[in-house]
Amino acid sequence: MTILLVEDDPVLRDGLAELFSGNGYRVIPAASVREARERLTDEVRMIVLDVGLPDGDGVSLCREWRAAGESRPILFLTARGEEFDVVRGLDSGGNDYVVKPFRMQELLSRVRVLLRDRQAPQQVQRSGFSVDRERMQVLKDGEALPLTLTEYKILTLLMDRPSVVSRDRLLEILWDNGGKYIDDNTLTVHISRLREKVGAEHIRTIRGVGYQWSDTSSAPSSF
Ligand code: CA
């Protein structure tokens, strides 16, 4: 698993390179937009991309790559106070972001999620629901559901697995738009909104553990 790591701060770059190498990833470092363009080779599985670079910005580079058909996951590194708009960032085709200073373990878990999502089946079809990962949408009988980003993440996590997803697992990988992790109560709120959108029967609560997708749908009404 090779990561293209684009970061101009040498101390942070070295620290991250060490973290990734220590966790079994191969790292190709780059310190500028120019180097990032040159070093994005076929072996790269995902891109960790600093937003503020000496010769340009990561969001524009991401947009440029996506326009050229680049589909590998991109995670932004952004500094607090830096001009970074989450919506613009994700709209440019970025998959995720962390705000500096971040915990190394937090970054690592985000990287793992993105790499694992890549290996998840691209076309999940479950009782009339399907996932369009390119557009980050869930469709019900071909119609896109009006989901927030967090709801999309929860729903696809549940739909991808036949097993129960624990609350701890959900809390570990979800965050709100301010870059903070969401808490237990917020998760409960997200789940209840999601149930209203997809039908309560599809999201089972496993008491004391978490949630599980269920294909069971209510019987169609008959005349
Ligand atoms: Ca920077």
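What you see is a predicted model; the values in this text were computed from it and never measured.

Draft legend 1. Structural detail: the packing of aromatic side chains. Using the criterion set out here, one finds two aromatic pairs in the structure. Plain terms: the ring middles of F20 and Y25 are 6.2 Å apart, the flat faces sit at 90 degrees to each other, and that makes the pair edge-to-face. Of the two residues examined, F20 and Y25, each falls in the buried class. For the pair F129 and W213, a centre-to-centre distance of 5.3 Å together with 85 degrees between the ring planes defines the contact as edge-to-face. Of the two residues, F129 sits in strand β9 (residues 129-132) while W213 sits in strand β14 (residues 210-213), which places them 84 residues apart along the sequence. Taking relative accessible area as the criterion, W213 reaches 4% and is therefore assigned buried.

Draft legend 2. Looking closely at the sheet that holds strand β1 (residues 2-6). On the basis of which strands lie adjacent, the open sheet formed by five strands has the order β2-β1-β3-β6-β7 and parallel pairing. Of all strands in the sheet, those bounded by a partner on one side alone are β2 (26-30) and β7 (96-100). Going across the sheet, the axis of each strand differs from the next one's by a mean of 20 degrees, ignoring polarity.

Draft legend 3. Summary view of the sheet that holds strand β13 (residues 203-206). Read from one edge of the open sheet, three strands run β12-β14-β13, paired in antiparallel fashion. Edge positions in the open sheet fall to β12 (165-166) and β13, since each of these has one partner strand only. Sheet analysis places β13 next to β14, joined by four bridges and oriented antiparallel. Pairing of I206 across the sheet is with G210, part of β14.

Cut-off values and rules
Position labels on residues start from 1 in each chain and follow its written sequence. pLDDT decides what is reported in this predicted model: residues at 70 or higher carry local features, side-chain atom pairs at 80 or more are listed and counted, and totals for whole chains, interfaces and linings draw on all residues regardless. Only hydrogens and water are set aside; all other atoms, that is, all heavy atoms of the structure, feed into the side-chain values. Here a Phe, Tyr or Trp ring, Trp counted by its six-membered ring, pairs with any other such ring whose centre lies within 6.5 Å, and the pair is stacked when the planes are under 30 degrees apart, edge-to-face when over 60, and tilted otherwise. Only protein chains enter the accessibility calculation, which uses a 1.4 Å probe; a residue is then buried when its area is under 20% of its type maximum, exposed when over 50%, and partly exposed in between. Numbered from the N terminus, helices here are DSSP runs of H or I no shorter than four residues, and strands are runs of E no shorter than two. Paired strands, as defined in this entry, are two strands with at least two bridges between them according to DSSP. Between the N-to-C directions of two axes lies an angle of 0 to 180 degrees, each axis being a line fitted to C-alpha atoms and, for a helix, fitted only over the stretch in contact.

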